[in-house]
Amino acid sequence: MPEAPKDSLYSVVEENKKKILQFIEEVTSNADEVQKRVLAEILSRNAHVEWLKRHGLNGQTERETFKKIMPVTTYEDIQPDVNRIANGDKSQIICSQTISEFLTSSGTSGGERKLMPTTEEELGRRSLLYSLLMPVMSQFVPGLEKGKGMYFLFIKSESKTPSGLVARPVLTSYYKSSHFKNRSFDPYTNYTSPNETILCPDSYQSMYSQMLCGLCLNKEVLRVGAVFASGFIRAIRFLEKHWSILCNDIRNGTLNPQITDQSVREAVMKILKPDPKLAEFIEKECGRDSWQGIIKRLWPNTKYIDVIVTGTMSQYIPTLDYYSNGLPLVCTMYASSECFFGVNLNPLCKPSEVAYTLIPTLGYFEFLPVHRNNGVTNCISMPKSLNEKEQQELVDLADVKLGQEYELVVTTYAGLYRYRVGDVLRVAGFKNKAPQFNFICRKNVILSIDSDKTDEVELQNAVKNAVSHLVPFDAQVTDYTSYADTTTIPGHYVLFWELSLNGSNPPVPPSVFEDCCLTIEESLNSVYRQGRVSDKSIGPLEIKIVEAGTFDKLMDYAISLGASINQYKTPRCVKFAPIVELLSSRVVSNYFSPKCPKWVSGHKPWNVSVN
């Protein structure tokens, strides 16, 4: 008798899976028609909002009229209206629906997180995208419904605007929503981490309890992951540090007293039982000299690792391969604070071949062609404002060309119109009539370890602030570059400095270079500083002083690879291994930031200007 409901549940799940796969087939087969309908629906709903009237759309919903009249926008364009909403203006400024909260983007504006407006309805669209993932995955990896997923998921700090609206990261919003907390049981989304452990605001208690539950249920785990590759590696390094006390809990069936959150304790104690044999097994594996393959050793039934390894996260692939002995690395979805975009319909492909199919119902998508300049740069720098000709170059989802790179522009149900997301994508192929895109990079971003994004201008300003410490010693930085060092966990920013010194002056003391490190960190955005202070996802910044003439050799090397002498500019970030090796071979001294920069939970004092 008890089996009947279970069988019935599985049949419902299988039927739902068929419907979802059919939905993907239909919307990709009619991508342009769906996009046209989505835009008309957005414009019809919001016909009377101030933003559209301000630009003279006057209730028209035709795509051609929209593209002719409405300008392409950036965050700086919408920020005054965002501030009005944040400060309590309840008129229909950008959206006919009530703005329910702000999603804090990891992209930055003026050193702080951007605030993206959203509505209650948008949670449904985000849930829709999540619902597509496992039906797609189960086509490639059968039997996933027979076990659990060990995912390390966390919430981050949130704040409130003067009007009382919550401002928080998009994943924190989703995990705290009823869509996640009250989700019906689905064998495809059965996690080892109880909701209480995910929703615990204390990062140590959350990580500890999630890892403990994952170890207790190790034989049931069929897939492991986190949002970003960096987050999953942090979890493994956490295990390296704490496996002994975790084993003590498993052996005795008692929970470490450092876990003080009562709801977490109660949830974990439903899973944790005395198991000396399991504790002995974990101790034996973790006590070995090498941690190569530790994921497969501790969770022997794991079939793949589900993490984002595209873009800047690709730097973590060798570390993941080491810990997993080459388990498949799966990137399932493509999303941002502005909008959720699409899914990977070939999830077992190589990380370098990951292509996302944009789901046409989630928003209206346009694409601005990107024309790369030849040079030795590692990011794509693009102008903030577009001239009339550039605005006319935007193409629709169904009209992109294979192999061409584009910057993504989105119009959403929640009040963004022709908004430049900042992601650069390349058309890799098509699913029916819907294009599939490789994620190339964030425009202008040169450094990233976790969810932080530092652009060239921000780094330049930070270095400018730091070199003031060198003035009393008649020293100056003649050239510099940087790279994101992920060989350490957590990863950290490294700056290579070449100095010009006046020999008659005393040498620069080490403490001064340490002050320079800290000044740079203090000058970087709040997302970076939160990673250093609260999330512990970024290590102390390092400055490496190189020999005189090093940057001349760097230019010689670039020219030997075909760079033009006339057009050569020192790259402000390097990733190419031979260049990093060249710079590293000429380091004469190095210094680390002596302490964490200042960071306070929440948003900086609100800009109340509505001008």
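Residues numbered from 1 in each chain as written. Predicted model: local features only at pLDDT ≥ 70, side-chain atom pairs only at ≥ 80, totals over all residues. Heavy atoms only, no water.

- Within an unreviewed UniProt entry, the label attached to the protein reads Indole-3-acetic acid-amido synthetase GH3.6, and the organism entered is Cinchona calisaya.
- We quote the UniProt Sequence similarities (unreviewed entry) comment for the protein here in full: "Belongs to the IAA-amido conjugating enzyme family." (UniProt positions renumbered as here; feature names shortened; annotations may be inferred.)

## Details of the overall build of the protein
Part 1 of the argument: Helix and strand counts for the protein stand at 21 helices and 22 strands.
Part 2 of the argument: Looking at the protein as a whole, 54% of its 611 residues are labelled buried.
Part 3 of the argument: Here the contacts in the protein between residues at least 6 apart in sequence split such that 71% fall between residues at least 24 apart.
Part 4 of the argument: With the model as given, the accessible surface of the protein reaches about 26200 Å², and the carbon-plus-sulfur share is 51%. (Helix = DSSP H or I, 4+ residues; strand = E, 2+ residues; numbered from the N terminus. Buried < 20%, exposed > 50% of the residue type's maximum accessible area, 1.4 Å probe, protein only. Contact = heavy atoms within 4.5 Å. Areas by Shrake-Rupley, 256 points an atom, 1.4 Å probe, with all protein chains shown as cover.)

## Focus: the nonpolar core
Part 1 of the argument: In this structure, Phe 232, Ile 295, Phe 367, Leu 470, Trp 497 and Ile 520 are the most contacted members of the largest nonpolar core, which totals 145 residues.
Part 2 of the argument: It is helix H11 (residues 229-252) that provides the largest number of residues to this core, a total of ten residues.
Part 3 of the argument: Other than its neighbours up to four places away in sequence, Leu 470 contacts Ala 475, Val 477, Trp 497, Leu 499, Val 508, Val 512, Phe 513 and Cys 516.
Part 4 of the argument: Within the second largest apolar cluster, 16 residues are counted, among which are Met 134, Leu 144, Tyr 151 and Leu 222. (Core = buried A, V, L, I, M, F, W, Y, C linked by side-chain atoms within 4.5 Å.)

## A look at the pattern of salt bridges
Part 1 of the argument: For the structure shown, the criterion picks out 28 salt bridges.
Part 2 of the argument: For the salt bridge of Glu 50 with Arg 54, the shortest nitrogen-to-oxygen distance reads 2.7 Å. Of this pair, Glu 50 and Arg 54 both sit in helix H3 (residues 50-54), four residues apart, roughly one helical turn.
Part 3 of the argument: Taking relative accessible area as the criterion, Glu 50 reaches 28% and is therefore assigned partly exposed.
Part 4 of the argument: We note a salt bridge from Asp 89 to Arg 84, for which the minimum N-O separation is 3.0 Å.
Part 5 of the argument: Overall, Arg 84 belongs to the buried group, its relative accessible area being 16%.
Part 6 of the argument: Bridged by salt links that share partners, the residues Asp 32, Arg 63, Lys 67, Glu 366, Asp 396 and Arg 418 form one connected network. (Salt bridge = Lys/Arg side-chain N within 4 Å of Asp/Glu carboxyl O.)

## Section: unusual backbone geometry
Part 1 of the argument: Between Ile 489 and Pro 490 the backbone carries a cis peptide bond, its omega angle lying at 0°.
Part 2 of the argument: Checked against the element boundaries, Pro 490 lands in the loop between strand E19 (475-485) and strand E20 (492-501).
Part 3 of the argument: The backbone of Arg 418 sits at a positive phi, close to 50°, despite the residue not being glycine.
Part 4 of the argument: Within the secondary structure layout, Arg 418 lies in the loop between strand E14 (405-411) and strand E15 (419-431).
Part 5 of the argument: Even without being a glycine, Asp 474 presents a positive backbone phi close to 55°.
Part 6 of the argument: Given the relative accessible area of 41%, Asp 474 is considered partly exposed.

## Regarding the pairing of strand E21 (residues 542-546)
Each regular strand carries side chains that alternate between the two faces of the sheet.
Part 1 of the argument: In terms of burial, E21 is a largely internal element, five of the five residues being buried.
Part 2 of the argument: The two faces of E21 match: Glu 542, Lys 544 and Val 546 on one face and Ile 543 and Ile 545 on the other face are all buried.
Part 3 of the argument: As paired strands, E20 and E21 are joined by five bridges and run parallel to one another. In the strand pairing of E21, Phe 496 is matched with Lys 544.
Part 4 of the argument: Here E21 runs beside strand E22 (residues 587-592); their pairing, made up of five bridges, is antiparallel. Bridging from a neighbouring strand, Ile 543 pairs with Tyr 591 of E22. (Pairing = 2+ DSSP bridges.)

## Considerations on the sheet that holds E21
Part 1 of the argument: One open sheet accounts for four strands, arranged E19-E20-E21-E22; its pairing is mixed. At either margin of the open sheet sits one strand with a lone partner, and together these are E19 and E22. With direction set aside, neighbouring strand axes in the sheet form an average angle of 25°. (Axes fitted to C-alpha atoms, helices over the stretch in contact; angles between N-to-C directions.)

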